[in-house]
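Examining the three-dimensional arrangement
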Amino acid sequence: MLKAVFFDIDGTLISFRTHKMPETTLQALQTLRRQGVKLFIATGRAPKSTDFLKEYFDFDGTVSFNGQYCFDHDGVIYQNPLPAGAIRRAVPYMAQNNIACCFETLEKNVFNLVDQRVLDLLALVGMAHVVPECADVSNLNAEVYQLTAYVSAEQEPDLMRLMPGCKAVRWYPTFVNVIGEQSGKPVGIAKVCEKYGLGIDEIMAFGDGGNDVDMLRFAGTGVAMGNAADNVKQAADYVTADIDDDGVFEALKHFDVI
């Protein structure tokens, strides 16, 4: 019996084309809520950048920073900041190679520099109005939960060699999310399931990006959006329609959940 569903945000709940939640997706969420199914977010975004979802729906909890920080209405469920030493080693390399990077804390996102790749990503996720904050990142006074490093696939190994205890997950060609080596959306989801007494076979997950692959394999039922990359689709139990073609609603109908 389905007891909980975990949703990625960008490309899954929120369209890259319209930057809005499809009406059929909202209808599906409301139906699931009436049935007593718990509904969670599982995203690479920082907690603060998920606040806009409250305009659509009040989710039961959030797995943020790709599993590095999980919370619900009661408070923090799990947190795992990046090793400070790994960040200190990476900062000079980024400066020497002119690599833009976002250092993501609970309070704010700070960039070492902003280039066109940064602006393009903000536009992609509907945040073109946001003015990125640049600062000296060599001595940040807050715990960093994730880096968004704008490195190519060719540059990625050199950066990660400087960051023991960390790993990179990529859901877009121009950047990687750097998180803890033993982290990822499945880790955060497992912590949430532990709190709520949920079995893996009782949960479903929806995603479309490279950082969703492990999550779709982990969940009892993994659903890839039709707009997902091929490797994401291969990891899923079911491939639904594109987000803009009512993919979330269609999958839930397919499984006779709604």
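Above this text you will find the structure in question.
The paragraphs below set out a description of the structure included in this document.

**Some words on the sheet that holds strand S8 (residues 133–134)**
Strand pairing in a sheet is mediated by backbone hydrogen bonds. Such pairs are either parallel or antiparallel. The strand order S8-S7-S6-S9-S11-S10 describes an open sheet built from 6 strands, whose pairing is mixed. Of all strands in the sheet, those bounded by a partner on one side alone are S8 and strand S10 (166–172). Bridging between strand S6 (residues 101–104) and strand S7 (residues 109–111) involves 3 bridges; their strand directions are antiparallel. From the neighbouring strand, Phe-103 faces S7, where its bridge partner is Val-110. Its contacts with the sheet put helix H2 (residues 84–96) on S6, strand S9 (146–149) and S10, and the angle it makes with S6 is roughly 160°.

**Some details on the packing of aromatic side chains**
Applying the stated criterion across every chain, the model contains 13 aromatic pairs. Relative to Phe-175, the ring of Tyr-150 has its centre 5.7 Å away and its plane inclined at 45°; by these criteria the two rings are tilted. A residue pair is termed long-range when its members are at least 10 positions apart, and Tyr-150 in the loop between S9 and helix H4 (156–161) and Phe-175 in strand S11 (residues 175–180) qualify at 25 residues. Phe-175 matches Tyr-150 in its accessibility class, with the two residues each being buried. The structure contains a cluster of three or more aromatic residues connected by ring pairs, namely Phe-16, Tyr-150, Trp-171, Tyr-172 and Phe-175.

**A short note on the pairing of S9**
Burial along S9 is two-sided: Gln-146 and Thr-148 facing one way and Leu-147 and Ala-149 facing the other are all buried. Bridge count for S6 against S9 is 4 bridges, and the pairing is antiparallel. Within S9, the residue paired with Cys-102 across the bridge is Thr-148. Strand direction decides the pairing type here: S9 and S11, joined by 3 bridges, are antiparallel. Looking across to S11, one finds that Thr-148 is bridged to Asn-177.

Conventions used here
- Residues numbered from 1 in each chain as written.
- Predicted model: local features only at pLDDT ≥ 70, side-chain atom pairs only at ≥ 80, totals over all residues.
- Heavy atoms only, no water.
- Pairing = 2+ DSSP bridges.
- Helix = DSSP H or I, 4+ residues; strand = E, 2+ residues; numbered from the N terminus.
- Contact = heavy atoms within 4.5 Å.
- Axes fitted to C-alpha atoms, helices over the stretch in contact; angles between N-to-C directions.
- Phe/Tyr/Trp six-rings, centres within 6.5 Å; stacked < 30°, edge-to-face > 60°.
- Buried < 20%, exposed > 50% of the residue type's maximum accessible area, 1.4 Å probe, protein only.

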